[in-house]
Amino acid sequence: MKRLFLLLFLMLAASIMLTTCKKDNENKVELLTITTLAVTEITATTAKSGGNVTNNGDADITAKGIVWSTTQNPSFEQHTGLTVEAAGACLFQSALTGLSQNTTYYVKTYATNSAGTAYGSQVQFTTETAGGVFNDVYNPATGKTWMDRNLGAGRVAQSSADAEAYGDLYQWGRLTDSHEKRNSGTTSTLSNGDLPGHGNFILAPNSPYDWRSMQNNN
C-alpha cells in the first residue's frame, strides 16, 4: 500500500514538473526581429524611412523608431539623430529631420521588448543639395558631361518610378509655355496652330493623339 502511495506521489510530482517546464518554455521571451525599409522622399534636410517588426519575440513592443548617423552602424550610444514612435504596431514610418545637405547618412531601425533592443539592417542615402542646384556628371567613356537630372526635376532619381525626378513633360513639338509643368492645367480643346496661346496641357486621348487639330509633321 505504501509503495502504491509512493508511486502515485512520484507520478504527480513528475507531472507538475513537466507542466511547469513546458509553461516556462512557452512563455520564454526572445529578442525581436526587425527590418529596415528603404529611405524615400529625400530632400536637402529631410527624408523618410521606417521598419517592420517581423517577430515580436512573444512580447509586447515597448519602443521603436530609427537611428541615423554620418558614420556607419548608428545605435543608441552613437547617433546623429533618432525617432521614437508609439509602441504597438509592427509596421511604422518615421521622418528624419535636421539633416545636412549633400551628406551621406546611415540608417537603422530599432525596436524593444522585455528581452532588449534589436536593430534592423543598415541602409544609406545622400541628401540633396539645397535649392535644387544641378550637379554635373562626367562620363569618362564618351568624354561628355551631363546634368544629374531632367530639366524641371525636383531631385536626382531614387528609382525608375520616382515621380519627383521625371521633370518637365513637353508635348512633342510644343514650345515652353508652362504646359510642361507637372502642375499645369489641362484642356481637351486641340490647338489649330503651333502656338496654342495658353499654358494648359492639351489632352488628346484618341488617335492620332496629337495636340494640334491638324498634325504638323515638321
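Residues numbered from 1 in each chain as written. Predicted model: local features only at pLDDT ≥ 70, side-chain atom pairs only at ≥ 80, totals over all residues. Heavy atoms only, no water.

Engineer: Sorry if this is basic, but what is going on with the overall build of the protein here?
Structural biologist: Broken down by element type, the protein carries one helix and 12 strands. Ordered by position in the sequence, the α and β elements of the protein form the string α-β-β-β-β-β-β-β-β-β-β-β-β. Taking all 218 residues of the protein together, 30% fall into the buried category. Within the protein, contacts between residues at least 6 apart in sequence are counted, and of these 49% link residues at least 24 apart. Summed over its atoms, the accessible surface of the protein is roughly 14200 Å², and 54% of this surface lies on carbon and sulfur atoms. (Helix = DSSP H or I, 4+ residues; strand = E, 2+ residues; numbered from the N terminus. Buried < 20%, exposed > 50% of the residue type's maximum accessible area, 1.4 Å probe, protein only. Contact = heavy atoms within 4.5 Å. Areas by Shrake-Rupley, 256 points an atom, 1.4 Å probe, with all protein chains shown as cover.)

Engineer: Looking at this model, I keep getting lost on the pairing of strand S2 (residues 47-55). Mind explaining?
Structural biologist: A regular strand places its side chains on the two faces of the sheet in alternate fashion. Looking at chain direction, strand S1 (residues 33-36) and S2 are connected through four bridges and run antiparallel. Its bridge partner lying in S2, Thr-33 is registered against Asn-55. (Pairing = 2+ DSSP bridges.)

Engineer: How should I be thinking about the confidence of the model for the protein in this particular structure?
Structural biologist: Any region with low pLDDT has predicted coordinates that should not be read closely. Summing up the model confidence of the protein, the mean pLDDT is 84 and the portion of residues at 70 or higher is 86%. Every residue in residues 18-25 is under pLDDT 50, and counting partners more than four places away or in other chains gives zero contacts. (pLDDT = per-residue confidence, 0-100.)

Engineer: In this structure, what is going on with the environment of Asn-113? I would like to understand it.
Structural biologist: Among the structural elements, Asn-113 can be located in strand S6 (residues 104-113). A residue is classified by how much of its surface remains accessible, and Asn-113, at 4% relative accessible area, is buried. Residues Asn-113 and Leu-31 lie 82 residues apart in sequence; the distance between their C-alpha atoms is 7.1 Å. Among the polar contacts listed, one links the side chain of Asn-113 to the backbone oxygen of Glu-30, at a separation of 2.9 Å. (Polar contact = N/O pair within 3.5 Å; in protein donor to acceptor, adjacent residues only side chain to side chain.)

Engineer: What should I look at first to understand the side chain of Arg-149 in this one?
Structural biologist: Here Arg-149 lies in the loop between strand S10 (144-147) and strand S11 (186-187). Residue classification places Arg-149 among the buried positions, given a relative accessible area of 8%.

Engineer: Would you mind going over a nonpolar patch on the surface with me for this structure?
Structural biologist: Taken together, Phe-76, Leu-82, Val-84 and Tyr-119 make up a surface patch of nonpolar side chains, about 330 Å² in accessible area. Relative to the helices and strands, Val-84 resides in the loop between strand S4 (81-82) and strand S5 (91-96). The exposure class of Val-84 is exposed, given its relative accessible area of 60%. (Patch = residues over 30% accessible without salt bridge, like charges linked within 9 Å, V, L, I, M, F, W, Y side chains within 5 Å. Salt bridge = Lys/Arg side-chain N within 4 Å of Asp/Glu carboxyl O.)

Engineer: Help me understand the sheet that holds S2, please; the structure alone is not making it clear to me.
Structural biologist: For sheets, the rule is that strands pair by backbone hydrogen bonds, running either parallel or antiparallel. Strand order in this open sheet of three strands is S1-S2-S5, and the pairing throughout is antiparallel. Strands at the two margins of the open sheet, each flanked by one partner only, are S1 and S5. On average, adjacent strands in this sheet sit at an angle of 25° to one another, irrespective of strand direction. Sheet analysis places S2 next to S5, joined by six bridges and oriented antiparallel. By the bridge assignment for S5, Gly-51 is matched with Phe-92. (Axes fitted to C-alpha atoms, helices over the stretch in contact; angles between N-to-C directions.)

Engineer: Just to check I follow, could you spell out the pairing of strand S3 (residues 63-69) for this structure?
Structural biologist: Within S3, six of the seven residues are buried, which leaves it mostly tucked inside the rest of the structure. Pairing geometry for S3 and S6, over seven bridges, is antiparallel. Counterpart to Ile-66 in the pairing with S6 is Thr-109. Bridge analysis of S3 against S4 gives two bridges, and the strand direction is antiparallel. Bridged to Trp-68 within S4 is Gly-81.

Engineer: I'm lost on the side chain of Thr-127 in this one. Help?
Structural biologist: Assignment of secondary structure puts Thr-127 in the loop between strand S8 (123-126) and strand S9 (136-139). At 2.8 Å, the side chain of Thr-127 and the backbone nitrogen of Asn-102 are in polar contact. When neighbours within four sequence positions are excluded, Thr-127 is seen to be in contact with Ile-42, Thr-43, Ala-44, Leu-99, Ser-100, Gln-101, Asn-102, Thr-103 and Tyr-105.

Engineer: Whenever I open this one, the packing of aromatic side chains confuses me. Can you help?
Structural biologist: The way to describe two aromatic rings as a pair is by their centre distance and the angle between their planes. The full count for this structure, using the stated rule, is three aromatic pairs. Their ring planes at 65° and their centres at 4.7 Å tell us that Phe-76 and Tyr-110 sit as a pair that is edge-to-face. Of this pair, Phe-76 sits in the loop between S3 and S4 while Tyr-110 sits in strand S6, and the two are 34 residues apart along the sequence. Residue Tyr-110 is classed as buried on the basis of its relative accessible area, which comes to 2%. Measuring from centroid to centroid gives 5.8 Å for Tyr-105 and Phe-125, while their planes differ by 25°, and the two rings are stacked. Here Tyr-105, found in strand S6, pairs with Phe-125, found in strand S8; they are 20 residues apart in sequence, far enough to count as distant. The residues Tyr-105 and Phe-125 share a single accessibility class, namely buried. Each member of the aromatic cluster is reached from another via a ring pair, and the members are Phe-76, Tyr-110 and Tyr-119. (Phe/Tyr/Trp six-rings, centres within 6.5 Å; stacked < 30°, edge-to-face > 60°.)

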